[in-house]
Amino acid sequence: MIPANPAPRGEGPALELLVHGVGGATAQGVLGDPRTVRITGDGKAAVFRRTEDAQAELHPERYAGRPVPEAYCWSNLTSGNGARALWLLLLPFMVANLAHWMRPGAVGSRRTTRVYGALVRLVALSLTVLLTAAACEVALDLVAWQCAGTHACGGARGRLEFLAPAHGGWWSQPGRRLALAAAVPTALVALLWYLSNRTWSAYESQRPPVGPRAAADGGADTDDGGEDDGDGDGDEGEGPHRPALGRTGFWYGRRLVARLRAAHTAAGLLTVAAAVTGAAARHDRAAGATAPAVYGAVLEAALALAGCAVLYVVLRRGRSERRLDARLDRAAVRLLPGAAALLLAAGLGYACWSRPGWVSAGSLPGEESFRVIVLAQGALVVALAATARRLHRRARHPRAVLGGLGGPAVAMLACALGGVMTGGVAQRVADWLGGPGVIPGPPVLLSWQASVIPALLAVLLVPALWLALRTWRTARRLAPAVEREYGAARPDAARSRRIAGTRARARLTDAAPVIVGVVSATTLLLGAAAVVGAWRSGRPPARTLADSGPLLATAAEAAQALGSWLVGLGFVLFVAMGRRAYRDASARRTVGILWDVGTFWPRAAHPFAPPCYAERAVPDLTWRMCTWTDRTGGRLVISGHSQGSVLAAAAVWQLPSAARRRVALLTYGSPLERLYGRWFPAYFGPAALAGLHEELDCWRNLWRPTDPIGGPVMLPAQGRGREVDRPALADPLVYGRCDRYPLPEPILGHSDYRADPAFAEERARLLARLAPPLPRQGPASGGTRADGGAQGSSGRSSG
């Protein structure tokens, strides 16, 4: 046990490195002072101190018995300028990327692990194809084919009049209209490539510091062209002595993201080329035009070969993590998108071939492609579930969500989000162009998918009502326990119910896997039913069931109308949220909370997902801790709140043993076990956290029963009684009024842990456990001062 009143083990500098959680925190708020100084860093992420502490190392006598507070602020990595609002369009990609990291961790299952990673990458690729196909549906089918080819739609809109057949212009032929409209999905693919390439240069291409840990792991990688010895899908040696997050190359995904970006860009361009070329080739075969038909067949064969090349690149092994993999697959990165662009250009030229007798009627041929995509996604998710279940049986993480099926469930949610977004865009554009009375409208499958949304919501009512009832009953049961816990002499029923209700609602976080599982399973079944209904009938649900009796016909018509309205409303709200986030910094910080949680992991599955901020934040923290402890010989406690505790733990994993002996870890409101350990068992499971506890002599975790996010780490005591979890903190601090607290104390939940007296107490004990300070070293090269003070312009005030 830690002694109640630890004695200081020598005089010397001590540093407290504070790492905030989600929500766009500022240095002034973290340090509790409006006057702050940037010590090191830039506008995206930096280390700050209070102005009076900027030169603390030069005056250690002023800080006897207390550490120097220092804040690492990383909020601008996720909620900076207005362009981050565009990341809302990438939400399905981000969710699919999360599924990659949710696999169960089973030692000795490298082949199964790689199959899991390959399946997730295929799901991610299908989302890129789906998004591009949706853009083709809107621009090529609804606008260029249906609206421009119909006098009631195209002739009534002045901007589309030059495309109308009655106009008789050069663009009036269907193939040329399709070629012109192809600029829209092509621009979308180009935008995704640009965003991915820009963030790749800012995040993945920034090499982490190569220090003692890198040397021990084999040094940086070189451009020797050799094969990977590590794999982003999992290596051997994931035990406590070499956890995945402690590998040198884990936070350096430059090679994999570049390769996947090339493959997804090529897949998007090939989708556009297939939509344009396929329509023209069908017409030429039906018309008996020999030369154009042969040219079209050659183009389609070339597109198929290029698609196989894309699949090969996506299915290749993941990435090297055991060292800094600085290589680039230049053939794939350069040739694959270039070849796809050339095929697209050839397809556009082929579509512009003069075909005077070609008339656009009905929907654009190729509607069945949406059904193929949805079926492929369902099959991939089922295969992913079988693979994850096999891994879980070997790993047997007792608290892994959904019995190891968290990754497949989240992958299904990513597909559902992609379907809702694409269906909403197509439905709104079709309504804007005139609706069913003017044009045929979007593919029938989208109507069937919209019709099952009310059924999905009805199914969700059952677990929602069950959780509400369970929370109410739990709150009633906890109220007497709260009074006994505080020893209330005069119980206040309202106060007891409020505290008990807060605790009961905080437990809802542990029930989230149930909701995710129900939504995913129901979505899979209803999606399969929608595909079967659309394939067999070829008509919307209302028309298909019109002759099935008045009750069934009315229900089908109501479901189709309500589902279409809900899809449209969701799309409108989504666009409104993005627009507000673009203009309003506070709204952007709110949206940034989503990215704070969802973009912690590297882009190992989808290159168009928002970038991983931890690839910048973790090396920053590691470098700061290494250099400060090495130059000053002092003690350092890194304290992380909420998501900051995850960053702090990841950084400690990266420390060399010499620096780790001088570092203590203080976590509070931490989701390390409650969320990350359950949802990402291969990386934060019991074995990984136990390994961190074994390597780190000083670690303490604070939590409250009223906290809906943080919780205990639940690690047994190691060796000399080094328990991690402190008993649950009281929240509120006191039950009623007393001499010290004459006014009612608030229920803090997930916030203000540092205001609890236990925080300062545990911090002092951790610092006392660390080794005595080492002799001060002289200034080292590299431009950083040994006293840790500001260097050059980094000493300017940020407030």
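Before reading on, note that the structure itself is shown above.
First, a word on what this report is: a plain description of the structure on this page. Here the structure is a predicted model, which is why all the values come from computation and not from measurement. (Residues numbered from 1 in each chain as written. Predicted model: local features only at pLDDT ≥ 70, side-chain atom pairs only at ≥ 80, totals over all residues. Heavy atoms only, no water.)

**As for the packing of aromatic side chains**
1) Next: Counted by the stated rule, this structure contains 27 aromatic pairs.
2) Next: With 5.9 Å between their ring centres and 75 degrees between their planes, Trp-601 and Phe-684 make a pair best called edge-to-face. In this pair, Trp-601 sits in the loop between α19 (585–598) and α20 (614–632) while Phe-684 sits in helix α24 (residues 681–684), placing the two residues 83 residues apart along the sequence.
3) Next: According to the relative accessible area criterion, Trp-601 is buried, its value standing at 1%.
4) Next: Overall, Phe-684 belongs to the buried group, its relative accessible area being 0%.
5) Next: Centre to centre, the rings of Tyr-676 and Phe-684 are 5.3 Å apart; their planes meet at 70 degrees, and the pair counts as edge-to-face.
6) Next: Among the aromatic side chains, those forming a connected cluster through ring pairs are Trp-74, Trp-101, Phe-250, Trp-251, Phe-600, Trp-601, Tyr-613, Trp-653, Tyr-676, Phe-680, Tyr-683 and Phe-684.
7) Next: Here Arg-261 stacks its cationic end above the ring of Trp-200, 4.7 Å away from the centre of that ring.
8) Next: Looking at Arg-371, its charged tip hangs above the ring of Trp-535, at a distance of 5.6 Å from the centre. (Phe/Tyr/Trp six-rings, centres within 6.5 Å; stacked < 30°, edge-to-face > 60°. Helix = DSSP H or I, 4+ residues; strand = E, 2+ residues; numbered from the N terminus. Buried < 20%, exposed > 50% of the residue type's maximum accessible area, 1.4 Å probe, protein only. Lys NZ or Arg CZ within 6 Å of the ring centre and 35° of its normal.)

**Things to note about the pattern of salt bridges**
1) Next: All chains considered together, the criterion is met by 23 salt bridges.
2) Next: Residues joined in a network through salt bridges with shared partners are Arg-700, Glu-723, Arg-726, Glu-761, Glu-762 and Arg-765. (Salt bridge = Lys/Arg side-chain N within 4 Å of Asp/Glu carboxyl O.)

**Concerning the side chain of Ser-496**
1) Next: By secondary structure assignment, the location of Ser-496 is in helix α15 (residues 493–506).
2) Next: For Ser-496, the side chain forms a polar contact with the side chain of Tyr-735, separated by 2.5 Å.
3) Next: Each residue touching Ser-496, except ones within four places of it in the same chain, is listed here: Ala-479, Glu-483 and Tyr-735. (Polar contact = N/O pair within 3.5 Å; in protein donor to acceptor, adjacent residues only side chain to side chain. Contact = heavy atoms within 4.5 Å.)

**Remarks on the pairing of strand β4 (residues 68–73)**
1) Next: In terms of residue burial, β4 counts as a mostly covered element, since six of its six residues are buried.
2) Next: Side chains Val-68, Glu-70 and Tyr-72 project from β4 onto one buried face, and the interleaved Pro-69, Ala-71 and Cys-73 project onto a second face that is buried too.
3) Next: The pairing of strand β1 (residues 14–19) with β4 spans five bridges and is parallel. When the bridges of β4 are listed, Leu-18 appears paired with Ala-71. (Pairing = 2+ DSSP bridges.)

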